[in-house]
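# Remarks on the overall topology
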Amino acid sequence: MSNWGGYKYVYFKATMPTLERFILGGNRSSSETVENLLIGNTMPSLKYLDITNIKVTNIDLTGCIYLEELIASGSKLASVSLAEGCNIQRMVLPETLTNLSLIALPKLTLSGLEFENSDNILTLRVENCDSLNGLDLLDTLLSSETNNLRYVRITNINKSDNG
């Protein structure tokens with residue numbers, strides 16, 4: 001898709017029930033800017049989404065329960081809304097990300113999260129992610145001296161100590 005930027009919202013009216021791979025981006029640099037990419041439930045079978053170098057700030061993927069990979073390097077993504085319980089296993093996230101909410105993602109692991117730079121993340125929410133240790137992710141984000149983390153919510157922490 002070319003020359004499609006400059007819009008506040010891009011949404012799809014038609015449902016594409018069998019679409020599994022959607023590549024908007026690529027290795028080329030793009031000046032195309034879209035504030036919100038609203039996929040919602042129009043691509044229910046989507047497994048792979050690549051928005052590399054596309055200047056998208058928000059994505060709604062709440063209807064993509066089969067999504068396994070999101071590649072957003074070089075984008076301007078600040079926030080992504082995933083379907084609870086989706087199959088996401090790998091996310092390549094840009095340095096512009098400010099809100100990381102991971103809710104009921106059973107297959108996501110710490111090694112499946114790749115950050116260009118995590119310093120701009122302000123909000124971290126990890127709930128019911130069976131394969132992801134939220135405290136390990138928190139340690140990773142806090143390991144940078146220039147992190148901006150302000151709000152944290154992590155559930156299902158099972159720790160014990162004797163002191």
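Quick summary incoming for the structure in this document. None of these values were measured; they are calculated from a predicted model.

## Examining the state of the cysteines
Within this structure, the stated rule accounts for zero disulfides. With no disulfide of its own, Cys86 lies closest to Cys64 among cysteine sulfurs, the gap being 8.3 Å. As a non-bridged cysteine, Cys129 has Cys86 as the owner of its nearest cysteine sulfur, 9.3 Å distant. The class of Cys129 is buried, set by a relative accessible area of 8%.

## So, the nonpolar core
Membership of the largest hydrophobic core comes to 43 residues, with the highest contact counts inside it found for Leu49, Leu61, Met91 and Leu102. When residues of this core are traced back to their parent elements, those giving at least two are β3 (33-38), β5 (55-61), β7 (79-82), β8 (90-93), β9 (99-103), β11 (123-127) and α1 (134-142).

## Re the layout of surface pockets
Considering only enclosed or pocket space, the largest pocket measures out at about 180 Å³ in volume. The wall of the largest pocket is formed by 15 residues, among which Asn133, Gly134, Thr155, Asn156 and Ile157 lie closest to the centre. If you list the elements that add at least two residues to the lining of the largest pocket, you get β11 and α1. Grouping the constituent residues of the lining of the largest pocket by class yields six nonpolar, six polar and three charged.

Reading the values: rules and limits
- Residues numbered from 1 in each chain as written.
- Predicted model: local features only at pLDDT ≥ 70, side-chain atom pairs only at ≥ 80, totals over all residues.
- Heavy atoms only, no water.
- Disulfide = S-S within 2.5 Å.
- Buried < 20%, exposed > 50% of the residue type's maximum accessible area, 1.4 Å probe, protein only.
- Core = buried A, V, L, I, M, F, W, Y, C linked by side-chain atoms within 4.5 Å.
- Helix = DSSP H or I, 4+ residues; strand = E, 2+ residues; numbered from the N terminus.
- 1 Å grid on protein atoms, 1.4 Å probe; cavity = no way out; pocket = protein on both sides within 12 Å on 5 of 7 lines; lining within 4 Å.
- Points joined across faces, edges and corners; volume = space filled by probe spheres on them.
- Nonpolar A, V, L, I, M, F, W, Y, C, P; charged D, E, K, R; others polar.

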